[in-house]
Amino acid sequence: MALGFVRPARPVDAGEIARIQLATWRTAYRRMFPAHVLANLDEAYLARGWAEAIEAAPSPRHRVLIAVEQSETANTVVGFAAAGPADEQALAPEEPPLAEDVAAVTDLLVEPRWGRRGHGSRLLAATVDLWREDGFSSAVAWAYDADEAMKKFLTSTGWEPDGATRALDVDDMLVNQLRLHVALND
């Protein structure tokens, strides 16, 4: 386990978050998405979206956190998590809204070269702590069917599939997802 910590993202972190998102998607999802889709992702566009998510979150319960690895010479941003109240993005097709006490992970990524060093666990633990402070009783997260690493990570921390599925249309290619959930009881 590497030395590291988690903190709230700041606007200055938006570029690093976008870089990590792009690097992670191009590595971890290269077999799930068409190559041209991943090649055409724009880092500057992603950074603008993250800056907005950090600076103008829809509510105080929407948060972006970053994982930082510490060394003797530098602190390096290596991952991030974004979460908030479950909204329409957390729903399966034709599903009614989830209860107000349900949180949702929208993103949880650690750059692959920094993986398996405890950063994902720290991000998830910090997110769960904030959810509990905010009064959430459970949470949901979508995982790609083909993303065995994410499914294994979440299930190893107590998350379970809840039976909801959906397929994202990515350039005329359907990418299947399943939803996992966890109770936040202490």
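Okay, so let's go over this structure. Given the structure is predicted, the values throughout are model-derived calculations rather than measurements.

Rules of the game
Residues numbered from 1 in each chain as written. Predicted model: local features only at pLDDT ≥ 70, side-chain atom pairs only at ≥ 80, totals over all residues. Heavy atoms only, no water. Helix = DSSP H or I, 4+ residues; strand = E, 2+ residues; numbered from the N terminus. Buried < 20%, exposed > 50% of the residue type's maximum accessible area, 1.4 Å probe, protein only. Lys, Arg positive; Asp, Glu negative; His and termini not counted. Charge placed at Lys NZ, Arg CZ, Asp CG, Glu CD. Contact = heavy atoms within 4.5 Å. Polar contact = N/O pair within 3.5 Å; in protein donor to acceptor, adjacent residues only side chain to side chain. Phe/Tyr/Trp six-rings, centres within 6.5 Å; stacked < 30°, edge-to-face > 60°. Lys NZ or Arg CZ within 6 Å of the ring centre and 35° of its normal. Axes fitted to C-alpha atoms, helices over the stretch in contact; angles between N-to-C directions. Parallel < 35°, antiparallel > 145°, perpendicular 65-115°, else oblique. Left-handed = near helix turned anticlockwise from the far one by under 90°. Nonpolar A, V, L, I, M, F, W, Y, C, P; charged D, E, K, R; others polar. Pairing = 2+ DSSP bridges.

## A closer look at the overall build of the protein
Along the backbone of the protein there are five helices and seven strands. Its helices and strands in sequence order give the protein the pattern β-α-α-α-β-β-β-α-β-α-β-β, from N to C terminus. Across its three principal axes, the protein shows a C-alpha extent of roughly 50 × 45 × 30 Å. Across the 186 residues that make up the protein, the buried fraction comes to 46%. Where the 18 positive side-chain charges of the protein centre and where its 28 negative ones centre are 8 Å apart.

## Notes on the environment of Gln70
As for its position among the elements, Gln70 is in strand E2 (residues 63-70). Among all residues touching Gln70, those that are not within four sequence positions of it are Leu3, Gly4, Phe5 and Asn75.

## Points about the side chain of Arg7
Structurally, the position occupied by Arg7 is in strand E1 (residues 4-8). Judged by relative accessible area, which is 15%, Arg7 ranks as buried. If near-sequence neighbours (up to four positions away) are discounted, Arg7 is found in contact with Asp13, Leu65 and Ile66.

## Focus on the environment of Pro96
Note on placement: Pro96 falls in the loop between strand E3 (75-85) and strand E4 (102-110). Pro96 gets classed as exposed once you look at its relative accessible area, which sits at 57%. Placed 77 residues apart in sequence, Pro96 and Met173 show a C-alpha to C-alpha distance of 26 Å.

## Things to note about the side chain of Arg179
Assignment of secondary structure puts Arg179 in strand E7 (residues 173-183). Judged by relative accessible area, which is 4%, Arg179 ranks as buried. Within the structure, the side chain of Arg179 is placed 2.8 Å from the backbone oxygen of Ala90, a separation counted as a polar contact. Only 2.7 Å separates the side chain of Arg179 from the side chain of Glu95, close enough to count as a polar contact.

## Let's talk about the packing of aromatic side chains
With the rule as written, the count across this model stands at six aromatic pairs. Between the aromatic rings of Tyr29 and Phe33, the centroid separation amounts to 5.8 Å while the plane-to-plane angle is 70 degrees, which identifies the pairing as edge-to-face. For the pair Tyr29 and Phe33, one class covers both residues: buried. With a centroid separation of 5.1 Å and an interplanar angle of 70 degrees, the aromatic rings of Tyr29 and Tyr144 are classed as edge-to-face. Here Tyr144 lies in strand E5 (residues 138-144) and Tyr29 lies in the loop between helix H1 (14-28) and helix H2 (35-39), a separation of 115 residues in the sequence. The class for Tyr29 is buried, based on a relative accessible area of 6%. Here the aromatic residues Trp25, Tyr29, Phe33 and Tyr144 are joined through ring pairs into a cluster of three or more. Across the ring face of Trp142, the terminal group of Arg166 is positioned such that the distance to the ring centre comes to 4.0 Å.

## Concerning the packing of H1 against helix H3 (residues 43-55)
Packing of H1 against H3 leaves a shortest axis separation of 8 Å and a crossing angle of 125 degrees. By the angle between their directions, the pair H1 and H3 is classed as oblique. The chirality of how H1 crosses H3 is right-handed. Each of Ala14, Gly15, Ile17, Ala18, Arg19, Gln21 and Leu22 in H1 lies in contact with H3, whose residues at this interface are Glu43, Leu46, Ala47, Trp50, Ala51 and Ile54. Here the residues of the contact of H1 with H3 are counted per class, giving nine nonpolar, two polar and two charged.

## Considering the sheet that holds E4
Judged by pairing direction, the sheet is mixed, and its seven strands sit side by side in the order E1-E2-E3-E4-E5-E7-E6 without closing on themselves. Unpaired on one side and paired on the other, E1 and strand E6 (160-170) mark the two borders of the sheet. Across the sheet, the mean angle separating the axes of adjacent strands is 25 degrees when strand polarity is ignored. Alignment of E4 against E5, held across four bridges, turns out to be parallel.

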